[in-house]
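Okay, here's what each chain looks like letter by letter:
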Amino acid sequence: MMLRRALSALTLLAAAFAAPLAHAQTTGLTTPARHVTIMDGASGAILFCDDCNTPMPPASMSKLMTVLLVAERLQAGELTLDTRFRVSENAWRHGAMSDGSHMFLELNSEVSVRDLLRGLIIVSANDACIVLAEGIAGSEQAFVTQMNERAQALGLTSARFRNVTGLPDPDHVISSSDLARLTRHLINTYPELYRIYSEREFTHNNRTQQNRNPLLGAYTGADGVKTGHTDDAGYGLVGSALVNGQRRIIVFNGLETMAARRAEALRIMSAAFNDFSVAQIAAQGEEVGEAQVRLGSRRTVPLVAQNNIIIGGPRGVQSALTASIVYDGPLQPPIAEGQVVARLVIEGPDFQTQEFPLAAGRRIGKANWFARAWEGLRLTLFGG
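Owing to the predicted nature of the structure, the values given are computational and were not obtained by experimental measurement. (Residues numbered from 1 in each chain as written. Predicted model: local features only at pLDDT ≥ 70, side-chain atom pairs only at ≥ 80, totals over all residues. Heavy atoms only, no water.)

*Asks:* Residues and numbers for empty space enclosed by the protein, please.
*Replies:* This model, assessed by the stated rule, comprises 1 cavity of 30 Å³ or more. In this structure, the largest cavity encloses a volume near 60 Å³. Taken together, Ile121, Ile122, Val123, Ser124, Asn211, Arg212, Asn213, Val225, Lys226 and Thr227 make up the full set of residues lining the largest cavity. Of all the elements in the fold, those that place two or more residues in the lining of the largest cavity are helix H4 (113-123) and strand S8 (222-230). Residue composition of the lining of the largest cavity, grouped by class: 4 nonpolar, 4 polar and 2 charged. (1 Å grid on protein atoms, 1.4 Å probe; cavity = no way out; pocket = protein on both sides within 12 Å on 5 of 7 lines; lining within 4 Å. Points joined across faces, edges and corners; volume = space filled by probe spheres on them. Helix = DSSP H or I, 4+ residues; strand = E, 2+ residues; numbered from the N terminus. Nonpolar A, V, L, I, M, F, W, Y, C, P; charged D, E, K, R; others polar.)

Here you go:
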């Protein structure tokens, strides 16, 4: 029988939102962009989702995964920033000789990983992507296999990569929410490398190119991340900013012009800070309620948060949320400490329901033979 207990969880919500929130109005965020995600950088909580879980063509925004694999090889000591890779004919033809972004690499020249990374990150250079992929994995396709394997290991279940550049391919897709998760992982794991995303220009072979990110210099605190554009995908952006110690990550796609991308980037980032908030309902290991136990050494078992329980969303919506503890019970012993036995369900108007696992806070064994016999007699005489 599925049981639902609301009292303890509601108390937690009341405590979390006891302090008044500034700008505590519901957000009316609408945008012509598609596949929109707003994420809190600290917790990873999704604050706004508009078709954010649907796989989409990411164009050059998928180069975030290319950068991640290079960063991991650097951290592992498999290469250094001074390692040099040769520019193959394949990289030259599909990069420097293509219509896409490139850093003017010369055929058969040798270029340092330091310059290749800056070209990839700052000017979205396709030739740099291919040179790095071939230098690390032997071929672009071998590197793409590693990209897909790493994406699955990170839990980016929507990701399917077919090249290292993001050039059009019907099977090259990832959701905007997974792009936000990838971005957060890159920012948190490789902060030194991430700083390159804030650089405004890059010069190579006496040619200076500008960073296309429209947030840089236009939104205070913006320090990344990546633009993307193809005819099929439209104009998109992964953006991030740090304001008063809080980080927001935004992702969107599908706009028709570069000017529209700039306007929406500024508007969505502003909304991300002004119209949305996060709150911690419970810390990892904190008791949030209890569940009934039948024929156990105790009649109830405390329920604790398996991880930090953090929710986010429009500021005005949060005050109307309700929460309940749901489990299939009464629970049957034995129950191991740490065993997931219930879930905390948070829901409300204009809020996408979120569920969080709850674990047993202590071990519960079976009742002794007398208690079990008495319970059997009670059920026989009076029913369950």
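*Asks:* Describe helix H6 (residues 140-153), with residues and values.
*Replies:* The first and last C-alpha atoms of H6 sit 20 Å apart over 14 residues, in line with the 20 Å expected at 1.5 Å per residue. Gly155 occupies a position one or two residues after H6 and carries a positive phi of about 85°. (Expected span 1.5 Å × (residues − 1).)

*Asks:* Let's hear about the environment of Arg299: which residues, and what values?
*Replies:* Within the fold, Arg299 resides in the loop between strand S12 (287-292) and strand S13 (300-305). Residue Arg299 is classed as exposed on the basis of its relative accessible area of 74%. For the pair formed by Arg299 and Leu331, sequence separation is 32 residues and the distance between their alpha carbons is 9.5 Å. Excluding residues that lie within four positions of it along the chain, Arg299 makes contacts with Ala291, Gln292 and Val293. (Buried < 20%, exposed > 50% of the residue type's maximum accessible area, 1.4 Å probe, protein only. Contact = heavy atoms within 4.5 Å.)

*Asks:* Any chance you could break down the nonpolar core for me, citing the residues and the numbers?
*Replies:* Nonpolar side chains in soluble globular proteins tend to end up buried together. Formed by 55 residues in total, the largest nonpolar core has its most connected members in Met65, Leu116, Leu179 and Tyr197. Contributions of two or more residues to this core are made by helix H2 (63-75), H4, helix H5 (126-137), H6, helix H7 (176-189), helix H8 (191-194) and strand S10 (246-255). For Met65, the residues in contact, after removing those within four places along its chain, are Met147, Arg150, Ala151, Leu154, Leu156, Phe161 and Leu182. If you look at the next biggest cluster of nonpolar residues, it comprises 26 residues, including Leu321, Tyr327, Ile335 and Ile346. (Core = buried A, V, L, I, M, F, W, Y, C linked by side-chain atoms within 4.5 Å.)

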